[in-house]
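Architecture and fold: a report
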Amino acid sequence: MENHNEKCALKDDLSKVPESYSTIRFIMDFHRGRVNFTRLGDDLHTLLLATSKEQIGNDSLPLLEEAPKKYSFDFQVSVDHDDEEGLYNLFFHNCYGYESVSAFNLTVHIEEKNGENYLSAGEMPLPYLYGTFSALSFCLAMVWIVVLRRHRESVFKIHYLMLGLLFAKTLSMMFHAVNYHFIALEGKHEAAWAILYYITHLLRGILLFIAIVLIGAGWNFIKHVLSTRDKKIFAIILPLQVLANVASIIFEESEESDPRYTTWKEIFVLVDLICYGVILFPVVWSIRHLQQASKVDGKAATNLEKLRLFRLFYVVIVCFIYFTRIIVYLLKVCDFSLVLMCS
């Protein structure tokens, strides 16, 4: 139940229900062996209800007694019109529990399909989208290999790390596309493809942060050895990234009604923001170092050029954080609010 009222919601006077409140009430009649249903509101009068065998022509469904005091019934809901789309909630009310202590065991099996596709309308393009971006990422990796071969004299180890990041990103999106493909066909993911995706996703996240921290620290660009505080940043970033990816896996594999979903999602958001905040420190330190070094005669022009590049790198990281974390989160919240208002 959504909340605890003084009486069962199914016994409310139907004439007093607000017109804007659209619902379909299923009331189990154990004595007659049927489930009576009533439509309230104007929005659901065209919603097609059917059993697994035939279309419902009256206001009741067959209630089957599988064993003593064990009942079951099934129905299908077909959303055929645009005005029927929206957010639907399913609530179970035990009216006997208001009069006396009444224990029950409820099992609900819900199967959602769009034609022959198990993905929602918003998720149906995802297999093709991830596949396309995987191919684009692979092409960029090939271009990067050509660039490295043509400029061997100015190539550093960090450039090969960025190449590994591109390949990890390619594999991650490819496995994600395959995983969504099997969900669309079978309604559940294949464990092997899901595990491969999570492994490459974890590897991609770690490589991304390692690359950003190394570039921000000026490794092979300003200095060839990491300082003690740079190593401390790595000691903080890597465990946090592992924790963030574990939290991401747990809440992606959990249902929204599961208490773990909210907990691990909040952990992921918090840890992820901490990681992106921490990686800014090496960039700031490098900028300060270059500002001091630019005052030295003979190296002013070189250090000023490096300073300009690091300031640009700092702006790029800040924009990346805002767009991939804050802006995306706000868009999701606004989109969910729009769904609630339209439903």
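Fair warning: this is a prediction, and the values are worked out from it, not measured in the lab.

1. Focus: helix α4 (residues 191-217)
In this model α4 runs 39 Å from its N-terminal to its C-terminal C-alpha over 27 residues, within 8% of the 39 Å that 1.5 Å per residue would give. Where α4 terminates, the next one or two residues include glycine 218, which has phi positive at roughly 75 degrees.

2. Side note on helix α5 (residues 228-253)
The end-to-end C-alpha separation of α5 is 38 Å, in line with the 38 Å expected for 26 residues at 1.5 Å each. Buried within α5 we find Asp230, Ile233, Phe234, Ile237, Leu240, Gln241, Ala244, Asn245, Ala247, Ser248 and Phe251. Close packing links the buried residues of α5 with α4, α6 (259-278) and α7 (280-293).

3. A closer look at the side chain of histidine 201
Counting through the fold element by element, histidine 201 comes out in helix α4. At 3.3 Å, the side chain of histidine 201 forms a polar contact with the side chain of arginine 204. Apart from residues no more than four positions distant in its own chain, histidine 201 is found in contact with Ser172 and Asn245.

4. Points about the pattern of salt bridges
Opposite charge on two side chains lets them pair, provided their charged atoms get close. On inspection of all chains with the given rule, the structure shows 2 salt bridges. Its salt-bridge partner being arginine 32, residue aspartate 29 comes within 3.9 Å of it at the nearest N-O pair. Take arginine 32: its relative accessible area is 61%, and that puts it in the exposed class. Between glutamate 116 and lysine 113 there is a salt bridge; the shortest N-O distance is 3.6 Å. With a relative accessible area of 67%, glutamate 116 lands in the exposed category. With a relative accessible area of 35%, lysine 113 lands in the partly exposed category.

The rules we used
- Residues numbered from 1 in each chain as written.
- Predicted model: local features only at pLDDT ≥ 70, side-chain atom pairs only at ≥ 80, totals over all residues.
- Heavy atoms only, no water.
- Helix = DSSP H or I, 4+ residues; strand = E, 2+ residues; numbered from the N terminus.
- Expected span 1.5 Å × (residues − 1).
- Buried < 20%, exposed > 50% of the residue type's maximum accessible area, 1.4 Å probe, protein only.
- Contact = heavy atoms within 4.5 Å.
- Polar contact = N/O pair within 3.5 Å; in protein donor to acceptor, adjacent residues only side chain to side chain.
- Salt bridge = Lys/Arg side-chain N within 4 Å of Asp/Glu carboxyl O.

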